[in-house]
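Residue-level listing of the chains:
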Amino acid sequence: MTNKKFLFVYILMPASVLVVFLFSLVIGLNDISFVDAVKALFGGADSNVTIIIKQIRFPRIIMACVSGAGLAVSGCVFQAVLRNPLADPLTLGISSGAAFGAAAAFVSGLATVTSFFIPFCTFAGMMISVLVVYLLSMQKRFDSNAMILSGVVVSYVFSSAVMLMFALSPANNVQVAFVWLMGNFSTFDERLLPFVTAIVLTGIIILSLAGNIINAVSLDREKSKTFGMDIEKIIKFLFLTASFVTAATVSTCGVIGFVGLMIPHTMRKIIGTNNVILIPASAFAGAVLLPLCDTLSRILFSPILIPVGIITSIIGGFFFICLLLKPKRE
Amino acid sequence: MIKIESISVGYLNREVLKNVSCNIDKKDFFGIIGKNGTGKSTLLKVLCSLIKPHSGNVFINDENVNSFSKKKFARTISFMPQRIDTSLSFTVFEFVMFGRYPYMNIFKIPSRADYIAVEKVIDFLQIATFVKRNINELSDGEKQIALIAQVLVQETDIVVFDEPTSHLDIGSQNDILEILRDLNEKCNKTVILTLHDLNAAGEFCNKLVLMEDGSICKQGTAEEVLNYKDIERVYNTTVIVKTNPISNRPYIIPVSKTRKR
């Protein structure tokens, strides 16, 4: 790792996260000065400002940072493990499993019983889809193409099930479910924040430490086997860890698309494909992008809050169109 | 040192290797030749435990390879595939370091000994000029040398190469084969390789096997294997076999069918 890269990833990027965090804290429906925001965090501001900052914006921004980091890292790992730059929770069917679980919670009316029911059902839905993809891929010894095909199949099946549920449900249930599924940070239960943060951070630390292993897996499989590595076991472990990180974020905030695709692509262009540095870099970049998108979602049609998933999808769409139209360097 | 005993391998309904047996001694420069699709690469992959045979066994130093742990096996035999995926932007140094994985801890974090081993190989192959470059910026010849470096840092007694000189010009081909000869003669490694170029096989290998239709049809020294009768039959062409006046090794000249008439 060169010094430049090290400084970029471990100094400049965390600093950017801090700047975006503070920026997101002061921007919103109520204008709050930077000094008041900092005072509120440390308990020196008036009660209204303290409530807005401490109880509304602070947990929301932390959740956005954590989710952004988690989604970016899991996208990065899926792409390396499957040796496919388009692999992400969506193509692997994991997001559709989540949508299925959440939709079931809303449509059945159980979502209104307790706020924990939605994350519970979403998590369960995701784990079912992960399990199905896992079992199908196992038949082909975790071959990359088999895993992606299994993901696409699972994704279609669960999406059809969601559509079927929506078609048979009352319109108001469907609308609430739809908004939730687009992904947002306004409705999650604050009590889940420590759990989600703990799961995502543990996952990111493990996956960052495994950067060299992920590098070997991203090489030709036959070649990596000759280094004495149990590639199938490693793929299983990485797939399940990355799925778990995704599940933790998506089950609390809904399906937020494109973060897991856009961030690793951009970071690869900036710092290369070495996962030892790419994974922490993606984590920081995700923790910058998602709070920014969330702030946009709060102020764009203020006072109406739009789902952050819409913003990430629009930005992601433009990003990939630009990539597609960019002339190739000779 | 290596004993390949009645190996049979098949993909779907096609049998690729049929009851193949041969012995490879320590310090052999062992070449495998034959037409395309005769099972040369499959034999190498069986030897490197990348393909499980339907029947038969491979023994290294009288020990069945099935009883080797993955790590022990990786410290005994290293493999260089025909081609590498160079879409990833690793530097040559990072790429070579992969060869040290069998010696690293669970998270594969390189130790001082790993850095020293890589530096040693860089010196041996004299590639210090391009170790900082990106692997996908190298010429085909340089890529092959980077792959050889990766195999070398694995520090195994047996090194296996699948067509190491394919797609290379004659100068680069010779450079690569000279490096392999150095490995064999100076570093005492047993070199096993598949080759398409029969002249290179004749010039460099001390033992050859000629494969035909999934079986070994001839094995022995280069002089014994490279005779016009077997070569013409296996490759279905007309050749003249001569002796290189400088190295005293056999070489082969193909004869055009039109001119023959």
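Here, every reference points to the structure presented above.
Residues numbered from 1 in each chain as written. Chains lettered and ligands numbered in written order. Predicted model: local features only at pLDDT ≥ 70, side-chain atom pairs only at ≥ 80, totals over all residues.

**Student:** I keep staring at the overall build of chain A and nothing clicks. Help me out?
**Tutor:** Of regular secondary structure, chain A possesses 14 helices and zero strands. N-terminal to C-terminal, the α/β element order of chain A is α-α-α-α-α-α-α-α-α-α-α-α-α-α. The C-alpha radius of gyration of chain A comes to 20 Å, within 12% of the 20 Å expected for a compact globule of 330 residues. For chain A, the C-alpha atoms occupy an extent of roughly 65 × 55 × 40 Å along the three principal directions. Intrachain contacts of chain A at a sequence separation of at least 6 include 76% that bridge at least 24 residues. (Helix = DSSP H or I, 4+ residues; strand = E, 2+ residues; numbered from the N terminus. Rg over C-alpha atoms; globule rule 2.2 N^0.38 Å. Contact = placed C-beta atoms within 7 Å.)

**Student:** Would you mind showing me how to read the overall build of chain B here?
**Tutor:** Broken down by element type, chain B carries 10 helices and 12 strands. For 261 residues, the compact-globule formula gives about 18 Å, and the C-alpha radius of gyration of chain B, at 19 Å, lands near that figure. C-alpha atoms of chain B, sized along the principal axes, occupy 65 × 40 × 35 Å. Counting over 261 residues, chain B shows a buried share of 41%. Contacts in chain B between residues far apart in sequence, at least 24 positions, make up 64% of those at least 6 positions apart. (Buried ≥ 20, exposed ≤ 12 C-beta atoms within 10 Å, placed from the backbone.)

**Student:** Even after reading the chapter, I still don't get unusual backbone geometry, so can you show me in this structure?
**Tutor:** Residues apart from glycine generally show negative phi values, whereas peptide bonds are mostly found in trans. Residues and elements named next belong to chain B. Residues other than glycine seldom take positive phi values, yet Asn19 does so here, at roughly 50°. Classification of Asn19 by C-beta neighbours within 10 Å gives partly exposed; the count is 14. One non-glycine residue with positive phi stands out, namely Glu163, at about 45°. If you trace the backbone, Glu163 turns up in the loop between strand E7 (158-162) and helix H6 (170-185). Taking the number of C-beta atoms within 10 Å as the measure of exposure, Glu163 has 20 and is therefore buried.

**Student:** Would you mind going over the nonpolar core with me for this structure?
**Tutor:** Across soluble globular proteins, nonpolar side chains show a tendency to be buried alongside one another. In terms of nonpolar packing, the biggest core is built from 173 residues, with Val73, Val77 and Ala102 of chain A together with Val96, Ala149 and Val160 of chain B touching the most fellow members. If one sorts the elements of this core by residue count, helix H3 (residues 47-81) of chain A sits on top with 16 residues. (Core = buried A, V, L, I, M, F, W, Y, C linked by C-beta atoms within 7 Å.)

**Student:** Looking at this structure, how should I read the interface of chain A and chain B?
**Tutor:** Interfaces are frequently sized by the accessible area removed from exposure as the parts join. Chain A puts 19 residues into the contact, and the matching count from chain B is 21 residues. When contributions to the side of chain A that touches chain B are tallied by element, the ones reaching two or more residues are helix H9 (211-218) and helix H10 (221-225) of chain A. Among the elements that take part in the side of chain A that touches chain B, H9 of chain A stands out by supplying four residues, more than any other. Considered class by class, the residues forming the side of chain A that touches chain B number seven nonpolar, seven polar and five charged. (Nonpolar A, V, L, I, M, F, W, Y, C, P; charged D, E, K, R; others polar.)

**Student:** Mind showing me how you'd approach helix H11 (residues 231-253) of chain A here?
**Tutor:** The periodicity of an α-helix, 3.6 residues per turn, causes residues three or four positions apart to be oriented the same way. Relative to the 33 Å expected for 23 residues at 1.5 Å per residue, H11 of chain A spans 33 Å between its end C-alpha atoms, a close match to the ideal helical length. Remark: Gly254 of chain A follows H11 of chain A within two positions and exhibits a positive phi of approximately 85°. (Expected span 1.5 Å × (residues − 1).)

**Student:** Please clarify how the sheet that holds strand E5 (residues 63-64) of chain B should be interpreted in this entry.
**Tutor:** The pairing of strands in a sheet happens through backbone hydrogen bonds and is either parallel or antiparallel. Residues and elements named next belong to chain B. If you trace the four strands from one edge of the open sheet to the other, you get E2-E1-E4-E5, paired in antiparallel fashion. The sheet is open, and its two edges are formed by strand E2 (14-24) and E5, each paired on a single side. Of the pairings in the sheet, the one linking strand E1 (residues 2-11) to strand E4 (residues 55-60) comprises five bridges and is antiparallel in character. Directly across from Lys3, in E4, lies its bridge partner Phe59. (Pairing = 2+ DSSP bridges.)

**Student:** What's the story with the pairing of strand E8 (residues 190-194) of chain B in this structure? I'm lost.
**Tutor:** One face of the sheet, then the other: side chains in a regular strand alternate in exactly this way. Residues and elements named next belong to chain B. Within E8, five of the five residues are buried, leaving the element largely enclosed by the surrounding structure. Covered by surrounding structure in E8 are Thr190, Ile192 and Thr194 together with Val191 and Leu193, the residues of both alternating faces. Pairing between E7 and E8: five bridges, direction parallel. The residue of E8 that forms the bridge with Val160 is Ile192. At this point the chain moves from E7, through H6, to the parallel E8, and the crossover so formed is right-handed. (Right-handed = clockwise from strand over helix to strand, strands pointing away.)

**Student:** I'm lost on the sheet that holds E8 of chain B in this one. Help?
**Tutor:** Residue and element names in this part refer to chain B. Read across the sheet, six strands follow the order E6-E7-E8-E3-E9-E10 without closing on themselves; strand pairing throughout is mixed. Of all strands in the sheet, those with a lone pairing partner are strand E6 (77-80) and strand E10 (215-220), marking the two edges. Across the sheet, the mean angle from the axis of one strand to that of its neighbour is 15°, orientation sign disregarded. Pairing analysis gives five bridges linking strand E3 (residues 29-34) to strand E9 (residues 207-212), with the strands arranged parallel. Bridge pairing links Ile33 to Leu210 in E9. Lying on the sheet, H6 is in contact with E3, E7 and E8; it crosses E8 at an angle near 150°. (Axes fitted to C-alpha atoms, helices over the stretch in contact; angles between N-to-C directions.)

**Student:** Honestly, helix H1 (residues 40-47) of chain B in this entry has me stumped. Any pointers?
**Tutor:** All names here are of chain B. Counting buried positions over the eight residues of H1 gives seven, a clear majority of the element. What H1 keeps buried is the set Lys40, Thr42, Leu43, Leu44, Lys45, Val46 and Leu47. Directly beyond the C-terminal end of H1, a positive phi value near 60° is found at Ser49.

**Student:** Help me understand the packing of helix H1 (residues 3-26) of chain A against helix H13 (residues 275-299) of chain A, please; the structure alone is not making it clear to me.
**Tutor:** Geometry of a packed helix pair, given as the angle between the helix axes and the separation of the axes. Residues and elements named next belong to chain A. Following both chains from N to C, one finds H1 and H13 inclined at 20°, their axes separated by 9 Å at the closest point. With respect to each other, H1 and H13 are oriented roughly parallel. Pair H1 / H13 crosses with left-handed handedness. Along the contact surface, H1 presents Lys5, Val9, Met13, Pro14, Ser16, Val17, Val20, Phe21 and Ser24, while H13 presents Ile277, Pro280, Ala281, Phe284, Ala285, Ala287, Val288, Pro291, Leu292, Asp294 and Thr295. Partitioned by chemical class, the residues of the contact of H1 with H13 number 15 nonpolar, three polar and two charged. (Parallel < 35°, antiparallel > 145°, perpendicular 65-115°, else oblique. Left-handed = near helix turned anticlockwise from the far one by under 90°.)

**Student:** Teacher, can you tell me more about the packing of helix H4 (residues 94-107) of chain A against helix H5 (residues 117-139) of chain A here?
**Tutor:** Residues and elements named next belong to chain A. Running from amino to carboxyl end, H4 crosses H5 at an angle of 140°, the nearest separation of the two axes being 7 Å. The hand of the H4/H5 crossing is right-handed. Counting all contacts with H4, which are made through Ile94, Ser96, Gly97, Ala98, Phe100, Gly101, Ala102, Ala104 and Ala105, the residues of H5 involved are Phe117, Ile118, Cys121, Thr122, Phe123, Ala124, Gly125, Met126, Ile128, Ser129 and Val130. In terms of residue class, the contact of H4 with H5 is made up of 14 nonpolar, six polar and no charged.

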